[in-house]
Amino acid sequence: MGLTRQYLRYEPAALFGLVASARAGVAFLALRGEQGRYAAVPACEHVFVWDTRKGEKILILKGLKQQVSFLCPSPDGLHLAVGYEDGAIRIFNLLNGESTITFNGHRAAITALQYDHLGGRLVSGSKDTEVIVWDVINESGLYRLRGHKDVITQVLFLKEKNLLVTCAKDTLVKWWDLDTQHCFKTLVGHRAEVWGMALLSKERRLITGSADSELRVWDLTYIQEVKDRDEPESKKSKGSPSLGAEENTEEDETLELDEHPEERIVKCSKVGSIMREGRDRVVTLGIDRMGKFLACHGADAVLEVFSVLSEEEIQKKLEKKIKKARKKAKQNSEEESERSVELSLQEEIQRVTNVKASSKIKSFDLILSPKGELKMVLLLQNNVIELYSLDLSAQMPQAVRVSKITIGGHRSDVRTLAFSSDNIAILSAAAESVKIWNRSTLQCIRTMECEYALCSLFVPGDRQVIIGTKTGKLQLFDLASGSLIETLDAHDGAVWSIALSPDQHGFVTGGADKCVKFWEFELVKDESSVQKRLSMKHVRILQLDEDVLCVRYSPNQKLLAVSLLDCTVKVFYVDTLKFFLSLYGHKLPVLCMDICYDGTLIATGSADRNVKIWGLDFGDCHRSLFAHDDSVMYLQFVPKSHLFFTAGKDSKIKQWDADKFEHIQTLEGHHQEVWCLALSPNGDYVVSASHDKSLRLWERTREPLILEEEREMQQEAEYEESVAKEEQPVVAGEMQGETGLAGKKTIETIKAAERIMEAIELYREETAKQKEHNAICKAAGKEVPFPVNPILHAYGNITPSAYVLEVFKKVKSSELEESLLVLPFSYVPDLLRLFNEYIQQGSDVELLCRALLFLLKIHFGQITSNQMLVTVIENLKKTTISRVSEARDVLGFNMAGLQFLKREIEAKDEVTFFADATEHFEERKRKRKKKEKMVLAVL
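In short, a report on the structure. (Residues numbered from 1 in each chain as written. Predicted model: local features only at pLDDT ≥ 70, side-chain atom pairs only at ≥ 80, totals over all residues. Heavy atoms only, no water.)

## Structural notes on the packing of helix H8 (residues 800-810) against helix H10 (residues 828-841)
In the contact formed by H8 and H10, the axes pass within 11 Å of each other and the chain directions differ by 95°. Between H8 and H10, the interaxial angle falls into the category roughly perpendicular. Listed contacts from H10 to Ser-801, Val-804, Leu-805 and Phe-808 of H8 are Leu-831, Leu-834, Phe-835, Glu-837 and Tyr-838. Considered class by class, the residues forming the contact of H8 with H10 number seven nonpolar, one polar and one charged. (Axes fitted to C-alpha atoms, helices over the stretch in contact; angles between N-to-C directions. Helix = DSSP H or I, 4+ residues; strand = E, 2+ residues; numbered from the N terminus. Parallel < 35°, antiparallel > 145°, perpendicular 65-115°, else oblique. Contact = heavy atoms within 4.5 Å. Nonpolar A, V, L, I, M, F, W, Y, C, P; charged D, E, K, R; others polar.)

Right, dumping it as structure tokens:
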């Protein structure tokens, strides 16, 4: 048997060229005691934290594979909740950048996240139309709320009441009572999708943004149920007014009970609308932390900012208005009632200014600084973050751009990449600029403005680069000065491909004008300068019948391969330009190709998703490989080998063996179409560019790659993915209602259930062995050595029952219910007996009670019908009640102690506060006297 071919694994080394992804929102973070300086933005699967003042990246919160879809900072500013495309939520600690909690409950991308005002609960909305409330402290899911029929767009907790407001693309705004976990009210006043909403004026007002230019405003009145039922209250005053009031209340009550039973908790009435200047839909609608400013934007580059007046300001305005009305009434000698004077909605919510960004806005965040200036961070669609400041003390406030983070990436998709001959510099070019990156530091060294770039190369010597553009020009740039040296009109159409000749004396270009042109480098002398500079000279032309998509030289420079729009590849002799071979077989045009280092093979990648490997001697097709799920965009051989890489529109990069026709490895990382890639001349690095605006660097490791293991890992990953898509387990006898369990079945919950099952089996075996051992000892009349289980020995010679508890405690809090749900009933009786033992000992009462109650809920029928478990349940009832009451007493004592300490601290603070206030008053008195003396002296 021959030796197996050994391959080396390529691993992801870095993600660069990305400022921020336009997939999720931007959020201000209060870090290092500063507000309005640091902003968190999504960056593919990671989250970047930028210092907007310095334009530096200060923290990277590393994700796994899925793209970030939503960000929400916690009220204390110490944590950041991140929602992902697969429905997972991870909570990061901002002090160390580590993820501490993971919640799995949604089956699709997270579209909304919100903490309650204390930060103890988190609510999430998703594309799967469901809302889940999570307990952040206990790290578990509380319940799932169903009712919406389309993607959830916003979720809001109310501060004062235990209520939740949600809106979705199904045009509905729903109110949920979290005590009873049901929807008690649905607002149906929208004709189209509700894209955003916000609570204003101490939660007395709701504002919603839809698909038109109206922002609808609703007044909220909370009805106290206690007062409604308290009859004597409405019969206090005597006389005719009370009768009318009584009749009204009676009528109201009957209406409430019969027609509007949902209005017992909250009453919503539409006040009016505020008109936006934008005509399209609201993309983001938000308020600052204090609720003083409201801002919104559509699919354009304008952010509209409104100021929301506080109750005191409204009162002052109203008084002024009343005074004016009285004056007018006196002038007109008419009596006008004060009641008719009211402030309009436009006066209560006033337009402050419009902020014009440099490109389309994806999202924003506002913060009001203590100095009284409003800071706005905008995440734009073109890989840019802008920070604006608004001075509110000015008569006509105008937004000023404070900073702009752009250097770290291109504004549009990178269409071409190239490596320098020393493997150190990477060239990337897009529609507006060429950037040169240092491979080791990933810093951008040069940025040069260019036309829409399609192909590129480093000139031998790595001091100049050539760019082929969409307009048919060739642009030559000097890297030392970062300037454009020369522009040549090379083709009448786009320059689709450029290839350096192996002798490095020139290059060849192919364009949409059906021509292949040959160029040579030459040194020319300008009239203005003494030194000679590099230039390009057109030498020969090859006219063809179809547009040229790709050109490649063979390494010995004898042959030139040209791919045409008619789906064929024509091979010509370089010296005579005579036709040699035609490679046909692709169903769609060949977009990319490459010839291996020894000139024996040519590999072609097409829009028909196939890669074909041909012999260059006779043009015979060795093998056709189905490579990608979409067009193959780029193909390149690894130097000095017959291995090659392909990049596809299916967001994958794959490595292949052209001798054995095998797929070696898939490099997964990009989230959208991969446009191009480049291999370093030594073959150690691959750099790729994608429609997700990111550039990724992959490094060849010393780790050998075994194909069989790779296939097994792939199958395991596919199985794990399929587990999440399976039908979720159901609780016996439960109907699919408005509420449900928060978690979902994942590979982790199945593994946790398996660990519990293994632990219980070990406990059964060990107890059986212990009984046998005791019988042997009794028969022998002496102590016989007992063989210790290696697992129990590893845990420090603990008892089998203690081992089960250890395994149980290691199950993640958020996965406990789902793990118990997939646990077969045959293990439950043993668990219940063990729970009784643990609770008697008083260990982990809270966790065990939670698990016990859940097991009783899901296996109620089987437990109650099992005679063997009657005594176990009776014992559990006694022990549980006594232990829980003990735990409650301890908690009560601790609470009382903390409240006492709080009162002590407050008393001390009050004393110091009064002392400070007295000093302050004395200081002001002294200043006033000084001022008076100065005035007298002047007089």
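There's plenty left to go through after this.
## Considerations on the sheet that holds strand S19 (residues 205-209)
Taken in spatial order, the four strands of this open sheet run S18-S19-S20-S21, and their pairing is antiparallel. Unpaired on one side and paired on the other, strand S18 (196-200) and strand S21 (266-275) mark the two borders of the sheet. When strand polarity is set aside, the average angle formed by the axes of neighbouring strands in this sheet is 25°. When strand S20 (residues 214-222) meets S21, the two strands line up antiparallel, connected through nine bridges. Pairing of Arg-216 across the sheet is with Ser-273, part of S21. (Pairing = 2+ DSSP bridges.)

## Remarks on a positive patch on the surface
On the surface, Lys-316, Lys-320, Lys-323, Lys-324 and Lys-327 cluster together to form a positively charged patch. On the secondary structure map, Lys-327 appears in helix H3 (residues 311-331). Exposure remark for Lys-327: the relative accessible area of 60% places this residue in the exposed category. (Patch = residues over 30% accessible without salt bridge, like charges linked within 9 Å, V, L, I, M, F, W, Y side chains within 5 Å. Areas by Shrake-Rupley, 256 points an atom, 1.4 Å probe, with all protein chains shown as cover. Salt bridge = Lys/Arg side-chain N within 4 Å of Asp/Glu carboxyl O. Lys, Arg positive; Asp, Glu negative; His and termini not counted. Charge placed at Lys NZ, Arg CZ, Asp CG, Glu CD. Buried < 20%, exposed > 50% of the residue type's maximum accessible area, 1.4 Å probe, protein only.)

## Observations regarding the pairing of strand S28 (residues 385-391)
When you tally the buried positions in S28, you get six out of seven residues, the bulk of the element. Taken together, the seven bridges between strand S27 (residues 373-380) and S28 define a ladder with antiparallel strand orientation. Counted as the bridge partner of Met-376 is Tyr-388 from S28. Connecting the antiparallel pair S27 and S28 is a turn made up of four residues, with Asn-383 showing a positive phi of about 70°. Pairing of S28 with strand S29 (residues 399-405) involves six bridges; the strand directions are antiparallel. When the bridges of S29 are listed, Leu-390 appears paired with Ala-399.

## What to know about helix H6 (residues 747-780)
For H6, built from 34 residues, the straight-helix expectation of 50 Å at 1.5 Å per residue is met to within 8% by its first-to-last C-alpha distance of 49 Å. Among the residues trailing H6, Gly-781 stands out with phi positive, at a value near 80°. (Expected span 1.5 Å × (residues − 1).)

## A word on the pairing of strand S17 (residues 182-187)
Alignment of strand S16 (residues 173-177) against S17, held across five bridges, turns out to be antiparallel. Paired with Lys-174 across the strands is Thr-186, a residue of S17. Between the antiparallel neighbours S16 and S17 lie four residues, among them Gln-181 with a positive phi of about 55°.

## Describing the side chain of Ser-501
Of note, Ser-501 is situated in the loop between strand S38 (495-500) and strand S39 (506-511). Reaching out from Ser-501, the side chain makes a polar contact with the side chain of Asp-503 at a distance of 2.6 Å. When neighbours within four sequence positions are excluded, Ser-501 is seen to be in contact with Gly-506, Phe-507, Tyr-553 and Gln-557. (Polar contact = N/O pair within 3.5 Å; in protein donor to acceptor, adjacent residues only side chain to side chain.)

## A closer look at the pattern of salt bridges
Counted by the stated rule, this structure contains 38 salt bridges. When the shortest N-O distance is used, the salt bridge between Lys-809 and Glu-806 registers 3.7 Å. Residue Lys-809 and its partner Glu-806 are located together in helix H8, separated by three residues, close to a single helical turn. Among the residues examined, Lys-809 registers a relative accessible area of 39% and is labelled partly exposed. Ionic pairing is found between Arg-883 and Glu-886, a salt bridge with its closest N-O pair at 3.1 Å. In this pair, Arg-883 and Glu-886 are both assigned in helix H13 (residues 870-938), three residues apart and thus about one turn of the helix distant. According to the relative accessible area criterion, Arg-883 is partly exposed, its value standing at 23%. Taken together, the shared-partner salt bridges connect Arg-9, Glu-11, Glu-703 and Glu-710 into one network.

## With respect to a nonpolar patch on the surface
Side chains of Leu-898, Phe-900, Leu-901 and Ile-905 sit close together on the surface and give an oily, nonpolar patch of about 420 Å² of accessible area. When you line up the elements, Ile-905 lands in helix H13.

## Things to note about the nonpolar core
Within the largest apolar cluster, 36 residues are counted, with the highest numbers of intra-cluster contacts made by Phe-808, Leu-820, Leu-831, Leu-832 and Phe-835. Those elements that place two or more of their residues in this core are H6, H8, helix H9 (816-821), H10, helix H11 (845-858) and H13. The element that contributes the greatest number of residues to this core is H10, accounting for seven residues. Residues Leu-163, Leu-199, Trp-218 and Leu-220 belong to the second largest nonpolar core, which totals 19 residues. (Core = buried A, V, L, I, M, F, W, Y, C linked by side-chain atoms within 4.5 Å.)

## What to know about the packing of H6 against H8
Packing of H6 against H8 leaves a shortest axis separation of 9 Å and a crossing angle of 175°. In terms of their interaxial angle, H6 and H8 are classed as roughly antiparallel. Touching Arg-755, Ile-756, Ala-759, Ile-760, Leu-762, Tyr-763 and Glu-766 of H6 are Pro-800, Ser-801, Tyr-803, Val-804, Val-807 and Phe-808, all from H8. For the contact of H6 with H8, the per-class residue count stands at ten nonpolar, one polar and two charged.

## Section: a negative patch on the surface
A contiguous patch of negative charge on the surface is contributed by Glu-708, Glu-709, Glu-712 and Glu-716. Turning to its location among the elements, Glu-708 is positioned in helix H5 (residues 707-725). The exposed category is assigned to Glu-708, whose relative accessible area is 56%.

## Digging into the packing of aromatic side chains
For any pair of aromatic rings, the description rests on two quantities: the centre-to-centre distance and the angle between the ring planes. Enumeration according to the criterion identifies eleven aromatic pairs in this entry. Taken together, a centroid distance of 5.2 Å and an interplanar angle of 75° make the contact between Phe-16 and Trp-437 edge-to-face. With Phe-16 in strand S1 (residues 7-16) and Trp-437 in strand S32 (residues 433-438), the pair connects residues that are 421 residues apart, well separated along the chain. Looking at Phe-16, the relative accessible area reads 5%, which means it is buried. Look at Tyr-573 and Phe-580: their rings are 5.1 Å apart centre to centre, the planes differ by 45°, and that puts the pair in the tilted class. A relative accessible area of 25% places Phe-580 in the partly exposed class. Grouping aromatic residues by their ring pairs yields a cluster made of Phe-507, Trp-519 and Phe-521. We note Arg-281 situated over the ring of Trp-195; from NZ or CZ to the ring centre the distance is 3.6 Å. Sitting above the plane of the Tyr-685 ring, Arg-439 keeps its charged end 3.9 Å from the centroid. (Phe/Tyr/Trp six-rings, centres within 6.5 Å; stacked < 30°, edge-to-face > 60°. Lys NZ or Arg CZ within 6 Å of the ring centre and 35° of its normal.)

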